[in-house]
Every structure is written in structure tokens, then in C-alpha cells.
Amino acid sequence: MTELKGLFYPRTPTGKASIVPPVPWHYSGELITLEYRTDPAKVAALLPEGFDLADEDPGAVAAIWADWQSTGDDPAQLLDPVRVQYKEMFIVVRCKFQGKTYSRCVYIWVDKEFAMLRGQHQGYPKKLGSIQMSRPVNVGKAGPRLAPGGTFGVTLAAFDRRLAEGRFTIAEACEKPGFVNGHPMAHNRWMPAIETDGTQSLNEVVTMSSFDVDFGRCFKGDFDLAYFDSPVEELLDIAPQEKIAGYWHEVGVSWKAGTTLWRDNL
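Let us look at the structure shown here. Just so it is clear, the structure is predicted and the values come from calculations on it, not from any experiment.

Digging into the side chain of Thr207
No. 1: Structurally, Thr207 is set in strand β11 (residues 200-227).
No. 2: Taking the relative accessible area as the measure of exposure, Thr207 reaches 8% and is therefore buried.
No. 3: Once residues lying within four places of it in the same chain are set aside, the contact partners of Thr207 are Tyr102, Pro184, Met185, Gly258, Thr259 and Leu261.

Structure (C-alpha cells):
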């Protein structure tokens, strides 16, 4: 029998057909982060057993749009752009687990299957969606400049319905893009047992450990953000009640492995 290879399915004798390439994974991206406050009770309702609200500013939320290019160690991947480029929109809150403060992704959409499965491996609750964000330009009139007054639009849709839209306008340069997404991530990895009897084959709390983090340009400004109703989403529960600030920023980061904080697997 041949030993099957591949980090994720499908596993084959070479591993080439696996949806997700081998680690490490390297990311370079442009992000628009819109931070606001909502009802802390609505944030608490999204936290599973063992998690508590953050001590400070427990209702703070970050709605983040990202345009990524990601790759493994094989440089040939970058020469096939469809395999490495994707967009995502994710919503982050802060929480406490075992007495430590973490950031936690409560909702997330991506537009490529490899990004969805890779994120599920890490504990991100990824779903497929359509994500759009304005691109900055240096020439011509077909886009915003990275300068005061530059205005960017962002949208999210899934299952033929628009779920969110926003607008961000640069006011000034700044050093960092807010505080909500500034802690290590704490996620749950779940897989129901095949008997579907309420038990879990996979039930873990994990945290992420990145390396070679590289921050680029960062700009701060004002924004508008709206969520819309959907029969299969619950974004209106955490709709903005008070704006904090918006940001456009660049980041590069690499990831290889996380750490299991707690598990109760079959």
C-alpha cells in the first residue's frame, strides 16, 4: 500500500492534489479595518463555553476586509495567481479564555476554496462569499489615493444577498490599525461525530502563532458601515452602535502551527 500524503483532503501518493498546500504559509495583504462598539451582551452570546467578555471595552468589534496573496514555500505557486490570490471579510471581537485576553473571529467569508479549508484547519469559521474593496491607485482617476481624502468602498455578499457595505475615508497616517484584532487569536475547532448524536469527534480551543510579521503603511480615518438582513445570517445582532475608527493598512505574516489550549475529543 502507498502512503497517502497531503495536509488536507484529497490525500494522494504525491500530495499534489490536496486543496491546502503544506505549511508554512506566507501572507501579504491590504486591509480595511472598521472598529465600532455594539451591545456587549450580543458579543457574549457568540462566545462558547469557557470564554468570557474582555475586561475593557467588551463591546468593541472590528469588521475587516482583506485582499490577500498567500503562498507556501514553493515559489512556483506565486506564478499561478489563481492559486494564491483571494479576498475575505471577517468580524473580530475580544474575549478571555483561561484568564488571558484574545481576539476571536466570530464570522468570516472568503472567495476561494483553499482559503476556506485552510482557515477551518486553523479554527476560523469560514464560509464562501463575494468580497469587494476599492484598490488604491498612484496614477489616473480610477481609484482613491493613499492620502487624506482618499475614500474606499467595501462590500460583502453571500447567497445572492448583500450582507454588509461600508465606506472609509483617510484622514491621516498612523502607526497601527486599532486594537480589537491586536491579540493572539483563540478559536474553536469542531467536527460533529458521524453518529450525529451530539458528541464531537473534534472539540478543541486553539490559538495562533505567527512569525515574520511585517507592517507596512497605515492610515486612519472616518467610516460608515451597515449590515443587512438575511435568512441565514445574524449580523444585525452585532450592528454598530458607536464608531471608533477606520483604518487602511498593509501587513505581511507567516504561519506554520498553532497551540491547543483545551480539548475534549472522542
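Structural notes on the pattern of salt bridges
No. 1: Within the structure shown, the criterion is met by 12 salt bridges.
No. 2: A salt bridge links Asp57 to Arg37, with the nearest nitrogen and oxygen atoms 2.9 Å apart. Remark: Arg37 occurs in strand β1 (residues 25-37) and Asp57 occurs in the loop between β2 (51-53) and β3 (60-71); sequence separation between them is 20 residues.
No. 3: Classification of Arg37 as partly exposed rests on a relative accessible area of 25%.
No. 4: Linking Asp80 and Arg83 is a salt bridge whose minimum nitrogen-to-oxygen distance equals 3.9 Å.
No. 5: Within this structure, Arg37, Asp57 and Glu242 form a network of salt bridges that share partners.

A few points about the nonpolar core
No. 1: Formed by 38 residues in total, the largest nonpolar core has its most connected members in Trp65, Ile91, Trp109 and Tyr227.
No. 2: If you list the elements that add at least two residues to this core, you get β1, β3, β4 (85-97), β5 (100-110), β7 (130-133), β8 (151-158), β9 (161-173) and β11.
No. 3: Within the second largest apolar cluster, 26 residues are counted, among which are Ala115, Leu117, Tyr124 and Trp255.

Digging into the packing of aromatic side chains
No. 1: One pass over the structure, following the stated rule, counts 10 aromatic pairs.
No. 2: With a centroid separation of 5.6 Å and an interplanar angle of 85°, the aromatic rings of Tyr86 and Phe114 are classed as edge-to-face. With Tyr86 in strand β4 and Phe114 in helix α2 (residues 113-122), the pair connects residues that are 28 residues apart, well separated along the chain. Comparing Tyr86 with Phe114, the two get one shared label, buried.
No. 3: Put simply, the rings of Phe152, Phe168, Phe219 and Trp248 touch in pairs and so form one group of aromatic residues.

Structural notes on α2
No. 1: Looking only at α2, the buried set comprises Phe114, Ala115, Leu117, Arg118, Gly119 and Gln122.
No. 2: Two residues or fewer past α2, Gly123 is found with a positive phi of approximately 105°.

Here we look at the layout of surface pockets
No. 1: Counted as a void, the largest pocket has a volume near 880 Å³.
No. 2: Residue lining of the largest pocket: 34 residues in total, with Tyr124, Asn181, Met185, Ser210 and Val253 positioned closest to the centre.
No. 3: Among the elements of the structure, β1, β3, β4, α2, β11 and β12 (242-263) are those that each provide at least two residues to the lining of the largest pocket.
No. 4: Considering only residue class, the lining of the largest pocket consists of 18 nonpolar, 11 polar and 5 charged.
No. 5: Around the second largest pocket, the lining is made up of 26 residues, and of these Gly123, Tyr124, Pro125, Asn188 and Trp190 lie nearest the centre.
No. 6: Those elements giving two or more residues to the lining of the second largest pocket turn out to be β5, α2, β6 (126-128) and β10 (186-192).
No. 7: The element contributing the most residues to the lining of the second largest pocket is β10, with 5 residues.

Quick word on the pairing of β4
No. 1: Counting buried positions along β4 yields 12 of 13 residues, so the element is predominantly enclosed.
No. 2: Examined bridge by bridge, β2 and β4 share 3 bridges and lie antiparallel to one another. The partner of Phe51 across the bridge, within β4, is Phe97.
No. 3: In the sheet, β3 pairs with β4 via 9 bridges, with the strands oriented antiparallel. Across the sheet, residue Trp68 finds its bridge partner in β4, namely Tyr86.
No. 4: In this sheet, β5 lies alongside β4 in antiparallel orientation, the contact comprising 10 bridges. Within β5, the residue paired with Phe97 across the bridge is Lys100.

The rules behind each value
Residues numbered from 1 in each chain as written. Predicted model: local features only at pLDDT ≥ 70, side-chain atom pairs only at ≥ 80, totals over all residues. Heavy atoms only, no water. Helix = DSSP H or I, 4+ residues; strand = E, 2+ residues; numbered from the N terminus. Buried < 20%, exposed > 50% of the residue type's maximum accessible area, 1.4 Å probe, protein only. Contact = heavy atoms within 4.5 Å. Salt bridge = Lys/Arg side-chain N within 4 Å of Asp/Glu carboxyl O. Core = buried A, V, L, I, M, F, W, Y, C linked by side-chain atoms within 4.5 Å. Phe/Tyr/Trp six-rings, centres within 6.5 Å; stacked < 30°, edge-to-face > 60°. 1 Å grid on protein atoms, 1.4 Å probe; cavity = no way out; pocket = protein on both sides within 12 Å on 5 of 7 lines; lining within 4 Å. Points joined across faces, edges and corners; volume = space filled by probe spheres on them. Nonpolar A, V, L, I, M, F, W, Y, C, P; charged D, E, K, R; others polar. Pairing = 2+ DSSP bridges.

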